[in-house]
Amino acid sequence: MLLFRSEEWIDKWCQRNNLERGEVLTINQVWELSKPWYYNRLSLDYHGRSMEQVAEVFKQAGLVSKFWYIQR
Amino acid sequence: MINDSLLWQVRHFVYNHFADTTLPPSVDEAARHFNISTEEASALYKELHNRHAFFLEPDMPSIRMAWPFSAIPTDFKVHANDKTYYANCAWDMLGIPVVLHADAVIEARFTESNELVQLEIKNGNIALAAVPGGEDAALSKLRVHFPLPFARWYDDLVFT
């Protein structure tokens, strides 16, 4: 996941690298997503997340589009 | 046969070693810490890699990523607890202060425009500390691009 100065620079980067645009979040959205995603990573009890738990974290962050679907 | 209790103790050791030293433990360090053979420690590292607990370099039991920490320098540098860490990506640079439960100053490079930006995490809030030559720069304009849908993140972790 890369950091851009603004939306316009993402378009330039995608065009120059011939890549499709993925999902774009504001820095504040990513900050809020980081909190439930990472808060307990140093705990002995953290053994990863089930797909259901991942889906719940995304849902709580308002990420409900197909991009965030957990099924492969 | 993998000892599940030991497996998660190794994961815990790796992450806390990263937090304490900014670097992952080698497989030899893990073997010494748990008083097991290098072969056993290597097998546990591989199992944790297979379970996506961390990510090994190709063909060797050396840790490249233990999210949000990176074992190699990147464009996402995080200063916290009087140490300097490297994050794997723009999401992980925000994950490091969360993992450490600490304030942080983040130095990152914008992709494409190639400018350095400094962000500050303080008391659970994020602020733009410095961006060169940018009258139009604002925290609200910054964006993080997720190139692949979640279902494909583990296909190519370096690209993701």
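Everything numeric here is computed off the predicted structure, so don't read it as measured data.

1. Side note on helix 1 (residues 4-21) of chain B
Residues and elements named next belong to chain B.
Phase 1: Helix length check: helix 1, at 18 residues, gives a terminal C-alpha distance of 26 Å against a target of 26 Å (1.5 Å per residue), a fit within 8%.
Phase 2: Taken together, the buried positions of helix 1 are occupied by Leu6, Leu7, Trp8, Val10, Arg11, Phe13, Val14, Tyr15, His17, Phe18 and Ala19.
Phase 3: The inward-facing, buried residues of helix 1 abut helix 2 (27-34), helix 3 (38-50), strand 2 (63-66), strand 3 (69-70), strand 5 (83-86) and helix 4 (90-100).
Phase 4: With its phi angle positive at about 75°, Thr22 sits one or two positions after the end of helix 1.

2. Details of the sheet that holds strand 2 of chain B
Phase 1: In space, the three strands of this open sheet follow the order 1-2-3 (chain B), with antiparallel pairing throughout. In the strand order of this sheet, the two ends are held by strand 1 (55-56) and strand 3 of chain B, each with one partner.

3. As for the packing of helix 1 of chain B against helix 2 of chain B
Residue and element names in this part refer to chain B.
Phase 1: Viewed as axis vectors pointing N to C, helix 1 and helix 2 meet at an angle of 120°, and their least axial separation amounts to 11 Å. Between helix 1 and helix 2, the crossing angle belongs to the class labelled oblique. Read as a crossing pair, helix 1 and helix 2 show a hand that is right-handed. Residues Leu6, Gln9, Val10, Phe13 and His17 of helix 1 lie in contact with helix 2, whose contacting residues are Glu29, Ala30, His33 and Phe34.
Phase 2: Taken together, the residues of the contact of helix 1 with helix 2 break down into five nonpolar, three polar and one charged.

Here is what the cut-offs are and how they apply
- Residues numbered from 1 in each chain as written.
- Chains lettered and ligands numbered in written order.
- Predicted model: local features only at pLDDT ≥ 70, side-chain atom pairs only at ≥ 80, totals over all residues.
- Heavy atoms only, no water.
- Helix = DSSP H or I, 4+ residues; strand = E, 2+ residues; numbered from the N terminus.
- Expected span 1.5 Å × (residues − 1).
- Buried < 20%, exposed > 50% of the residue type's maximum accessible area, 1.4 Å probe, protein only.
- Contact = heavy atoms within 4.5 Å.
- Pairing = 2+ DSSP bridges.
- Axes fitted to C-alpha atoms, helices over the stretch in contact; angles between N-to-C directions.
- Parallel < 35°, antiparallel > 145°, perpendicular 65-115°, else oblique.
- Left-handed = near helix turned anticlockwise from the far one by under 90°.
- Nonpolar A, V, L, I, M, F, W, Y, C, P; charged D, E, K, R; others polar.

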